[in-house]
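Spelled out from the first residue to the last, the chains are:
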Amino acid sequence: NQQPQWAWRSILEPHYVSTVGGDSSVVAFARDENLCAQLWSADHGYPGDPVYLEFHKKAPVSALRYWRVTDRKLTLGAKKLYPPEIAQNRARLHAYHFANLVEQTLRHYSHSGRQGTLTCCFDAELFGHWWFEGIHFLQALFQELSRKEGVRVCTSTQAIKNSPPDKVVWIPECSWGEESDHRVWLNDKTLWIWNAIHIAEERYHTLQAKLKNHAMTEGDQLQTLVQQLRWNFLLLQASDWPFVIHNNSATDYGHQRFSVHLQRFERLFSVIEKRLLGVPLSEREELQVREAEMHEPLPKI
């Protein structure tokens with residue numbers, strides 16, 4: 001069945017996004033669900049190929065993986081040994097297949113007389129982690145795409161310059177989680193997390209108001225402390241913690257990571273308030289600051 005032109009446009013062209021339908025400077029790219037399924041689908045995606053490395057089976061002593069997927073319906077004990085060279089060749093074949101799908105999709109859209117932008121979004125950990133051969137797939141994919149006429153890999157900024165949005169759309173509230181709403185992250189198991197985050201958020205904004213009247217110089221200890229606080233505040237809000245708690249996949253880990261970031265946030269907040277008042281830090285507080293810097297170093301941008 002041929003899709004109407006508006007359906008193709010909603011997927012293959014960037015659009016301005018506004019919750020009220022007015023002017024906007026926010027641009028959104030819709031992902032192509034059919035192409036994404038080639039990598040995401042547990043039943044039909046490339047990572048489930050029988051020759052690829054089985055992520056879930058490890059040797060008891062070395063914790064290394066020596067087995068292939070074989071068949072997703074088999075128990076881990078029935079898995080066959082992993083063939084590295086065959087798996088890498090299979091990744092190249094899958095890259096060739098995917099590049100052809102990209103080319104066909106864009107060529108078909110070009111019949112509308114407009115330039116299409118095809119977007120596929122994936123978690124970085126898929127490549128080389130859950131899907132061990134994913135890095136070989138990516139390398140081969142970019143090589144294949146470079147040979148395709150009419151296909152050019154680019155950043156979102158470049159895509160907007162090449163094909164500026166000319167429509168404003170309204171996107172309903174949703175998520176990538178179960179049932180496309182927020183139940184995975186906000187539920188009876190995780191409500192305590194959000195209560196703590198909202199309290200931390202109020203404290204953070206209160207501190208920001210105080211900092212407006214306080215000059216900070218580059219390399220100042222106060223500036224470093226504030227940056228460290230912001231970094232831990234960001235880590236505190238990571239969606240991974242409620243996600244693993246909800247799924248019972250690593251509940252203790254989720255509780256631990258959230259609690260550690262919350263504790264560091266509170267300690268750093270207290271230290272910054274003392275510095276603003278000109279009160280010297282105690283030896284214990286100095287150690288707490290160094291502990292935060294050591295375990296959660298600021299990202300280098």
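Structure's up top.
Residues numbered from 1 in each chain as written. Predicted model: local features only at pLDDT ≥ 70, side-chain atom pairs only at ≥ 80, totals over all residues. Heavy atoms only, no water.

Caption draft 1: Summary view of the overall build of the protein. Scanning the protein from terminus to terminus reveals 10 helices and 3 strands. Each helix and strand of the protein, placed in order from N terminus to C terminus, yields the pattern α-β-β-α-α-α-α-β-α-α-α-α-α. On C-alpha atoms alone, the protein measures out to a radius of gyration of 24 Å, which is more than a quarter above the 19 Å that the 2.2 N^0.38 rule sets for 301 residues. C-alpha extents for the protein along the principal axes are approximately 70 × 60 × 40 Å. Considering only residue pairs separated by 6 or more positions, the protein has 62% of its internal contacts joining residues 24 or more positions apart. Summed over its atoms, the accessible surface of the protein is roughly 19,200 Å², and 54% of this surface lies on carbon and sulfur atoms. (Helix = DSSP H or I, 4+ residues; strand = E, 2+ residues; numbered from the N terminus. Rg over C-alpha atoms; globule rule 2.2 N^0.38 Å. Contact = heavy atoms within 4.5 Å. Areas by Shrake-Rupley, 256 points an atom, 1.4 Å probe, with all protein chains shown as cover.)

Caption draft 2: Looking closely at the nonpolar core. In terms of nonpolar packing, the biggest core is built from 26 residues, with Leu229, Leu236, Phe258 and Ile272 touching the most fellow members. If you list the elements that add at least two residues to this core, you get helix H6 (191–211), helix H7 (221–236), helix H8 (240–247), helix H9 (251–276) and helix H10 (283–295). Apart from the residues lying within four places of it in its own chain, the contact partners of Leu236 are Ile197, Ala200, Trp241, Phe258, His261 and Leu262. By size, the runner-up hydrophobic cluster in this structure holds 23 residues, among which are Val69, Ala99, Val102 and Phe137. (Core = buried A, V, L, I, M, F, W, Y, C linked by side-chain atoms within 4.5 Å. Buried < 20%, exposed > 50% of the residue type's maximum accessible area, 1.4 Å probe, protein only.)

Caption draft 3: Highlighting the environment of Thr105. Tracing the chain through its elements places Thr105 in helix H3 (residues 84–110). Along the primary structure Thr105 and Tyr46 are separated by 59 residues, whereas in three dimensions their C-alpha atoms are 19 Å apart. At 2.8 Å, the side chain of Thr105 forms a polar contact with the backbone oxygen of Leu101. (Polar contact = N/O pair within 3.5 Å; in protein donor to acceptor, adjacent residues only side chain to side chain.)

Caption draft 4: Quick look at H9. Helix length check: H9, at 26 residues, gives a terminal C-alpha distance of 38 Å against a target of 38 Å (1.5 Å per residue), a fit within 8%. Gly254, Phe258, His261, Leu262, Arg264, Phe265, Leu268, Phe269, Val271 and Ile272 are the residues of H9 that are buried. Two residues or fewer past H9, Gly278 is found with a positive phi of approximately 80°. (Expected span 1.5 Å × (residues − 1).)

Caption draft 5: Local environment of the sheet that holds strand E1 (residues 15–17). Strand order in the open sheet formed by 3 strands is E2-E1-E3, with mixed pairing between adjacent strands. Sheet topology places strand E2 (27–28) and strand E3 (168–169) at the edges, where each strand pairs with a single neighbour. (Pairing = 2+ DSSP bridges.)

Caption draft 6: View of H7. The terminal C-alpha atoms of H7, which comprises 16 residues, lie 22 Å apart, in line with the 22 Å expected from a rise of 1.5 Å per residue. What H7 keeps buried is the set Leu222, Gln223, Leu225, Val226, Gln228, Leu229, Asn232, Phe233, Leu235 and Leu236. At its buried positions, H7 is contacted by H6, H8, H9 and H10.

Caption draft 7: Structural context of the packing of aromatic side chains. Applying the stated criterion to the full structure yields 16 aromatic pairs. Here the aromatic rings of Phe122 and Phe127 are separated by 6.0 Å at their centres, their planes lie at 90°, and the arrangement is edge-to-face. By relative accessible area, which is 23% here, Phe122 ends up partly exposed. Three or more aromatic residues joined by ring pairs make a cluster, and in this case those are Trp40, Tyr46, Tyr52, Phe98, Phe122, Phe127, Trp131 and Phe137. Positioned above the aromatic ring of Trp67, the side-chain terminus of Lys57 is 4.2 Å from the ring centre. Taking the ring centre of Phe55 as reference, the NZ or CZ of Arg65 above it sits at 4.3 Å. (Phe/Tyr/Trp six-rings, centres within 6.5 Å; stacked < 30°, edge-to-face > 60°. Lys NZ or Arg CZ within 6 Å of the ring centre and 35° of its normal.)

Caption draft 8: Focus on the pattern of salt bridges. Tallied over the entire structure, the rule returns 14 salt bridges. Residues Arg72 and Asp43 are paired through a salt bridge, measuring 3.0 Å at the closest nitrogen-oxygen approach. Placement of the pair is Arg72 in the loop between helix H2 (33–40) and H3 and Asp43 in the loop between H2 and H3, with a sequence separation of 29 residues. According to the relative accessible area criterion, Asp43 is exposed, its value standing at 60%. Between Lys167 and Asp166 there is a salt bridge, with its nearest N and O atoms 3.8 Å apart. Via salt bridges that share partners, Glu13, Arg114, Asp166 and Lys167 belong to a single interconnected network. (Salt bridge = Lys/Arg side-chain N within 4 Å of Asp/Glu carboxyl O.)

Caption draft 9: Just the side chain of Arg264, in detail. Here Arg264 is to be found in helix H9. Looking at Arg264, its side chain comes within polar contact range of the side chain of Glu291, at 2.9 Å. In this structure the side chain of Arg264 is engaged in a polar contact, spanning 3.4 Å, whose partner is the side chain of Glu296. Excluding residues that lie within four positions of it along the chain, Arg264 makes contacts with Asn232, Glu291, Ala292, His295 and Glu296.

Caption draft 10: Representation of the packing of H9 against H10 in the model. With their axes 10 Å apart at the nearest point, H9 and H10 run at an angle of 130° to one another. Our classification of the angle between H9 and H10 gives oblique. The crossing of H9 and H10 is left-handed. Residues Arg264, Arg267, Leu268, Val271 and Lys274 of H9 pack against Glu285, Gln288, Val289, Glu291, Ala292 and His295 of H10. Residues belonging to the contact of H9 with H10 are distributed by class as follows: 4 nonpolar, 2 polar and 5 charged. (Axes fitted to C-alpha atoms, helices over the stretch in contact; angles between N-to-C directions. Parallel < 35°, antiparallel > 145°, perpendicular 65-115°, else oblique. Left-handed = near helix turned anticlockwise from the far one by under 90°. Nonpolar A, V, L, I, M, F, W, Y, C, P; charged D, E, K, R; others polar.)

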